[in-house]
Amino acid sequence: MNKASYTLSMLKLLVKNWTMFSLILLAAGVVWIAWTASQIPAEQSKMKAYPHKGFPPPDFTLRTQTGDEIHLADLLGKPILLNFWASWCPPCRAEMPILEKISEEYNSANLVVLAVNTTYQDTTEGATRFMNEFSPPLLFLWDMKGDVSHAYQITALPTTFFIGSEGLITDVVIGGPISEALLRVHIENLIEASSP
Amino acid sequence: MLPTLQAGPLAISTPGIVLLFGLYFGLLLSERRAPSRGLSPNRVYQISAIILASGLVGARLSYILLNWPAFRADLVSIFSLNYKLLDPWGGFMAGLVILLGYSRKTGLPLGKIFDTFTPTLSALTVAAHLAHFASGSGFGIPANVPWAIEFLGAKRHPFQIYEAVTGLLILILVFRLDTQQQAKTPEGTLFLTFVTLSAASQLFWEAFRADSPIGYGGLRLTQITAWIILSLSLWLLGKRLKLIYKNQP
């Protein structure tokens, strides 16, 4: 019997016993699903911080325009929008008015909007001129040495992190300008999740 | 992982590039096999343009309907190029409905259309897994194997690579089956073979994924969905295979 004939006869055997074959395969599937469900580890109460969806955000301390220190750890528990930008970046400049609008509109819902200037690759003069076009509650922070940008693995600007009230990153948007509708959808989800 | 590729001042989305390449390669394969089904390459591109356009419009409309308050405040966002403003299920249903309408209008059997585009779907599936690898989504559970990848503070199963390699094997098998058996199989057989193998693959490999959506009792929702799809495809495929071998000695 040559290879083609052997293959054909095996296929015929399979088709003849298709129902049995299917039931065995599906039963094996059920066993596999149940077994893998039993293997899921218990929720880790202290996950390591990573700039990735589902993980706690890396902590940082940065200064505002007025020199005040902002510690991310103090803000966790509130819905947070964390945006990385530079004054030479056109999409960053284009979306900043939207971030300002959103920060004002959702201020009463405790939304915190942090706009981190990647000063290590920008100029303080250029960044300051741009910042002065906007007003609180939008909060600008200086990342002078780039440590925070490095911790958040910023590879493109702008990059926006959405952090829920449970202290986990819910989504990351790389690039921009970010659509206002997308911002609203994410923020509404953050605020809804933070409601009692 | 490699979410972006730097090209001077430009940051290019790596997952996007990978998906585009997968689509291009898949369409090339489908175009190559189309004449054996009595379809011209132009017809393949016409149908694919219809599916893509209807899928994108459907995905956007569905997302808008689901999140209307956000769009009401900024109507310009309706036309935003941001791919995150798309609902995949809405796109899938829209594409399917349009395809059904196209099939009825042109008289082209749905099974023949599905079979024609099976290589495209298969190539896109491989590309999707590689795109996940590039973006870092769908990462694996911690592992202690020599090929584990360091990611997010742990050595992990390269879950996306497992799926991509299996997807590639499925693509090769599907293409070989098509070239060897196409004349003898009822329409829809190739597509159902692809769906069966892909569902089985998903059901198995999902166990190695760390961020799999979990339901009641720790059950992985993607595995349950894959099992349901596997059940349906096995049933439908069995009916077709029995037709092939019914009259054989």
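Refer to the structure presented above.
This section reports on the structure supplied with the text. The numbering scheme is per chain: residues are counted from 1 as the chain's sequence reads. Whichever chain is written first is A, and whichever ligand is written first is 1; the rest continue in order. With the structure being a predicted model, the display of local features is reserved for residues of pLDDT at least 70 and the display and counting of side-chain atom pairs for 80 or more, all residues being used for whole-chain, interface and lining totals. Excluding hydrogens and water, the side-chain figures rest on all heavy atoms present in the structure.

1. Here's the deal with empty space enclosed by the protein
All names here are of chain B.
- With a 1 Å grid spanning the protein atoms alone, the term cavity applies to any set of points in which a 1.4 Å probe fits but cannot get out, the term pocket to an open set with protein on both sides within 12 Å along at least five of seven lines, and the term lining residue to any residue with an atom within 4 Å of a point. Grid points are joined across faces, edges and corners, and a volume is the space filled by probe spheres set on the points. For the structure shown, the criterion picks out 1 cavity of 30 Å³ or more.
- If you add up the space inside the largest cavity, you get close to 50 Å³.
- In terms of lining residues, the largest cavity is bounded by Met1, Phe133, Phe139, Gly140, Ile149, Phe151, Arg156, His157, Pro158 and Gln160.
- Looking at side-chain class alone, the lining of the largest cavity contains 6 nonpolar, 3 polar and 1 charged residues. Classification used: nonpolar for Ala, Val, Leu, Ile, Met, Phe, Trp, Tyr, Cys and Pro, charged for Asp, Glu, Lys and Arg, polar for all others including Gly.

2. Regarding helix α2 (residues 18-38) of chain A
Residue and element names in this part refer to chain A.
- By definition, any uninterrupted DSSP run of H or I lasting at least four residues is a helix, any uninterrupted run of E lasting at least two residues is a strand, and each is numbered from the N terminus. What a helix is expected to span follows from its residue count: subtract one and scale by 1.5 Å. For α2, built from 21 residues, the straight-helix expectation of 30 Å at 1.5 Å per residue is met to within 8% by its first-to-last C-alpha distance of 30 Å.
- Three exposure classes are used, based on accessible area relative to the maximum for each residue type with a 1.4 Å probe and protein chains only: buried under 20%, partly exposed in between, and exposed over 50%. Of the residues making up α2, those classed as buried are Trp18, Ser22, Leu26, Gly29, Trp32, Ile33, Thr36 and Ala37. On an axial view of α2, the arc spanned by its buried residues comes to 125 degrees, and they lie on one face. Those residues of α2 that are exposed and aimed more than 90 degrees away from the buried face are Met20, Leu23, Ile24 and Val31. Comment: arc refers to directions from the helix axis out to C-beta atoms.

3. Here's the deal with the interface of chain B and chain A
- Facing the 45 residues of chain B at the interface are 33 residues of chain A.
- A simple way to read buried area is as the amount of 1.4 Å-probe accessible surface that goes missing from two parts once joined, with both sides added. Buried surface at the junction of chain B and chain A, both sides included, amounts to about 3,200 Å², of which 71% is carbon and sulfur.
- Note on definitions: salt bridges are taken to be side-chain nitrogens of Lys or Arg within 4 Å of carboxyl oxygens of Asp or Glu. The tally of links from chain B across to chain A stands at 1 salt bridge.
- Note that Lys84 of chain B and Asp171 of chain A form a salt bridge whose closest N and O atoms lie 3.1 Å from each other.
- In protein, a polar contact means a hydrogen-donor-capable atom and an acceptor-capable atom, both N or O and within 3.5 Å, with residues adjacent in sequence counting only if both atoms are side-chain atoms; elsewhere, any N or O pair within 3.5 Å suffices. The interface formed by chain B and chain A contains 12 residue pairs in polar contact (both at pLDDT 80 or more).
- Those elements giving two or more residues to the side of chain B that touches chain A turn out to be β1 (4-7), α3 (68-72), α8 (189-205) and α9 (221-245) of chain B.
- By residue number, the principal contributor to the side of chain B that touches chain A is α9 of chain B, which donates 11 residues.
- Its residues assigned to classes, the side of chain B that touches chain A comprises 24 nonpolar, 16 polar and 5 charged. We call two residues in contact when some of their heavy atoms are within 4.5 Å.

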